Amino acid sequence: MTSSRRRFLQILGSSAVILAAAGTGFVLTREPVGARAPWRNAGSYPDPMRRALSWAVLAPNPHNRQPWIVDLISETEAVLYCDMDRRLPETDPFDRQITIGLGCFLEIFRQAAAEDGFAAEVEVFPEGEPQPRLDQRPVARMSLTPGGEADPLFAFIPDRRTNRNPYDTERDVPETALAAMQTAAGDRLSTGFVASGARRDALRSLCQEASRVEQITPATWQESLDVMRIGRRQIEAHPDGIAITGAMMEALQIAGIMTTETMADPDHRAFGESLSMQAGWSQTAMAFFWMRTSSNTRAEQIDAGAAYLRAALSATRDGLAMQPMSQSLQEYPEMAELYREVHQRLAPEGGTLQMLARLGYARPVSEAPRWPLETRLRESA
Ligand SMILES: Cc1cc2nc3c(=O)[nH]c(=O)nc-3n(C[C@H](O)[C@H](O)[C@H](O)COP(=O)(O)O)c2cc1C
């Protein structure tokens, strides 16, 4: 063990941390219960539009920015917009990933409506596809009419999580579960997976290097740090972004050891700890799953979101942990070489890789925070 690591561990165990924590009224139960309320409240609204939307806000989305704003027109009609301030211009310069998140939102909306006895009609980009970035034009017009066909995947929405724990390296992912994810994703795009061997190892290394590039590039790393919420108080105040819970991390934050400032400083131990944590994500990937579209239109990005959500629900049903590993798919200059490499490996026939995720078995994680539905609505009705 290096002396700096020993020192770091000493600090962890030191009374200074405990005292710093005690001085702020720190208690061992530090769960952000209020920030998770939307998971408990989903479906409990009086009208069908709000009922379906209250499920849709549970959609996976980049950095949990929750970029959705909904104009309520009536109890059965609404218009979805992207909240321009919730985009991630450094890591997602063309709003491709934000659009995928909006696609996840629309797919849950559709499933929730069907569960409730309504067919959802969704017209995407009714005023045209904004390029090269999203703009103020609507992302989708949505309406509900009685009907719809219940989807068996809907039952797994409350249990779906992005799991950032290390995955069990003793336990392989069965190919049947990966094939089921492909079936769930549907045939509007192509999907692939690998669960063993040299090809998986090469992807582990590629993802690890891509996370390193993101972290050593100040602008892209700062973008993640800016939305990091450490501990209950920060998460309850801003129920979005990358939420880090747990008594240990909160104590380190209070003691000034693990803060967004120390994590930004390449000379600080916290920077290195963060690199190792991310390396652990790549190195314990027991399988990878990816999605490719033949072009890269906004409609295809929305389709990719729906397909990702469906694949993730299938993985949830089969007890698998899943985490997107998006770094190498991102379109900024420092990532260009790895972007080319991942496309050569996984999309040699051309097209755009829209999602790449790792899978395995892991300790479960809690629900990620969400803003209450009411804060995402504009009512013109
Ligand atoms: C397009 C897209 C890209 C994402 N990329 C990553 C990623 O690179 N790393 C990661 O840990 N999570 C990634 N996520 C997952 C989100 O961070 C996650 O959905 C969000 O924090 C909400 O958490 P939940 O999925 O547990 O509800 C991505 C999600 C989407 C839709």
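As the structure is a prediction and not an experimental result, all values here were calculated from the model. (Residues numbered from 1 in each chain as written. Predicted model: local features only at pLDDT ≥ 70, side-chain atom pairs only at ≥ 80, totals over all residues.)

Chemist: Just to check I follow, could you spell out the overall build of the chain for this structure?
Modeler: Across its full length, the chain carries 14 helices and eleven strands. What you see for the chain is a C-alpha radius of gyration of 21 Å, in line with the 21 Å of a compact globule of 381 residues. Once the C-alpha set of the chain is aligned to its principal axes, its extents read approximately 65 × 50 × 40 Å. For the chain, with 381 residues in total, the buried portion stands at 43%. Across the chain, the fraction of contacts at a sequence separation of at least 24, relative to all contacts at a separation of at least 6, is 77%. (Helix = DSSP H or I, 4+ residues; strand = E, 2+ residues; numbered from the N terminus. Rg over C-alpha atoms; globule rule 2.2 N^0.38 Å. Buried ≥ 20, exposed ≤ 12 C-beta atoms within 10 Å, placed from the backbone. Contact = placed C-beta atoms within 7 Å.)

Chemist: Got a minute to help me understand the nonpolar core in this structure?
Modeler: Counting residues in each nonpolar core, the largest one holds 81 residues, and the members touching the most others are Ala56, Ile108, Phe109, Tyr308 and Leu359. Built from parts of two domains, this core gets at least three residues from each of domain 1 (34–151 + 367–379) and domain 2 (175–360). If we ignore the near neighbours within four places in the chain, the residues touching isoleucine 108 are Trp55, Ala56, Leu58, Ala59, Ile157 and Leu309. Formed by six residues, the second largest nonpolar core is a distinct cluster that contains Leu252, Ile254, Ile257 and Met263. (Core = buried A, V, L, I, M, F, W, Y, C linked by C-beta atoms within 7 Å. Domains from an automatic or database assignment.)

Chemist: Honestly, the site of the ligand in this entry has me stumped. Any pointers?
Modeler: Near the ligand, the surroundings consist of 18 residues, among which Pro60, Asn64, Pro324, Ser326 and Ala368 are the closest. Put simply, the parts of the chain that give the shell around the ligand at least two residues each are helix H5 (96–115) and strand E9 (321–324). Top contributing element to the shell around the ligand by residue count: H5, with four residues. When residues are assigned to domains, the shell around the ligand turns out to be shared by domain 1 (34–151 + 367–379) and domain 2 (175–360), each giving three or more. (Near = placed C-beta within 6 Å.)

Chemist: Can you help me understand the packing of helix H7 (residues 197–216) against helix H14 (residues 336–346) in this one?
Modeler: Packed helices, taken two at a time, are described by their axes: the angle between them and the distance between them. The N-to-C vectors of H7 and H14 enclose an angle of 160°; their axes lie 11 Å apart at closest approach. With respect to each other, H7 and H14 are oriented roughly antiparallel. Between H7 and H14 the crossing geometry is left-handed. Every residue of H14 that contacts H7 at Ala202, Leu206, Glu209, Ala210 and Val213 is listed here: Leu338, Glu341, Val342 and Arg345. Split by residue class, the contact of H7 with H14 holds six nonpolar, no polar and three charged. (Axes fitted to C-alpha atoms, helices over the stretch in contact; angles between N-to-C directions. Parallel < 35°, antiparallel > 145°, perpendicular 65-115°, else oblique. Left-handed = near helix turned anticlockwise from the far one by under 90°. Nonpolar A, V, L, I, M, F, W, Y, C, P; charged D, E, K, R; others polar.)

Chemist: It is not clear to me how the sheet that holds strand E3 (residues 118–124) should be interpreted in this structure. Could you clarify?
Modeler: Sheets are built from strands that pair by backbone hydrogen bonding, the pairs being arranged parallel or antiparallel. Strand order across the open sheet formed by five strands is E3-E4-E2-E1-E11, with mixed pairing between neighbours. This sheet does not close on itself; its edge strands, each paired only once, are E3 and strand E11 (377–379). Ignoring which end each strand starts from, the neighbouring axes of this sheet average 25° apart. Here strand E2 (residues 77–82) runs beside strand E4 (residues 140–146); their pairing, made up of four bridges, is antiparallel. Bridging from a neighbouring strand, glutamate 77 pairs with serine 143 of E4. Its contacts with the sheet put H5 on strand E1 (68–72), E2, E3 and E4, and the angle it makes with E3 is roughly 160°. (Pairing = 2+ DSSP bridges.)

Chemist: Please explain helix H8 (residues 218–226) as it appears in this structure.
Modeler: One full turn of an α-helix is made of 3.6 residues, so residues set three or four places apart face in the same direction. Within the span of H8, buried status applies to Thr220, Trp221 and Ser224. Down the axis of H8, the buried side of the element spans an arc of 100°, and every buried residue falls inside it. Relative to its buried face, H8 has exposed residues pointing more than 90 degrees away, namely Pro218 and Ala219. Turning to H8, the residues buried within the fold contact H7, strand E6 (228–230), strand E7 (242–244) and helix H11 (260–264). (Arc of directions from axis to C-beta.)

Chemist: What's the story with the domain arrangement of the chain in this structure? I'm lost.
Modeler: It is common to report an interface's size as the accessible area lost on association of the parts. With domains assigned, the chain is organised as domain 1 (34–151 + 367–379) and domain 2 (175–360). Here the C-alpha centre of domain 2 lies 22 Å away from the C-alpha centre of domain 1. Taken residue by residue, the interface counts 32 residues in domain 1 and 32 residues in domain 2. Ranked by residue count, the leading element in the side of domain 1 that touches domain 2 is H5, at eleven residues. Within the side of domain 1 that touches domain 2, the residues separate by chemical class into 16 nonpolar, nine polar and seven charged.

Chemist: Help me understand the sheet that holds strand E8 (residues 287–293) in this model?
Modeler: Taking strand neighbours across the sheet as the criterion, the four strands line up as E5-E8-E10-E9 in an open arrangement whose pairing is antiparallel. The sheet terminates laterally at strand E5 (190–194) and E9, the two strands that pair on one side only. When strand polarity is set aside, the average angle formed by the axes of neighbouring strands in this sheet is 25°. Direction of pairing for E9 relative to strand E10 (residues 352–360): antiparallel, over a ladder of four bridges. Looking across to E10, one finds that methionine 322 is bridged to leucine 359. Against the sheet, helix H6 (residues 175–185) contacts E5 and E8, and its axis sits at roughly 25° relative to E8. Of the strands in this sheet, E8, E9 and E10 are in contact with helix H13 (residues 298–317), which crosses E8 at around 155°.

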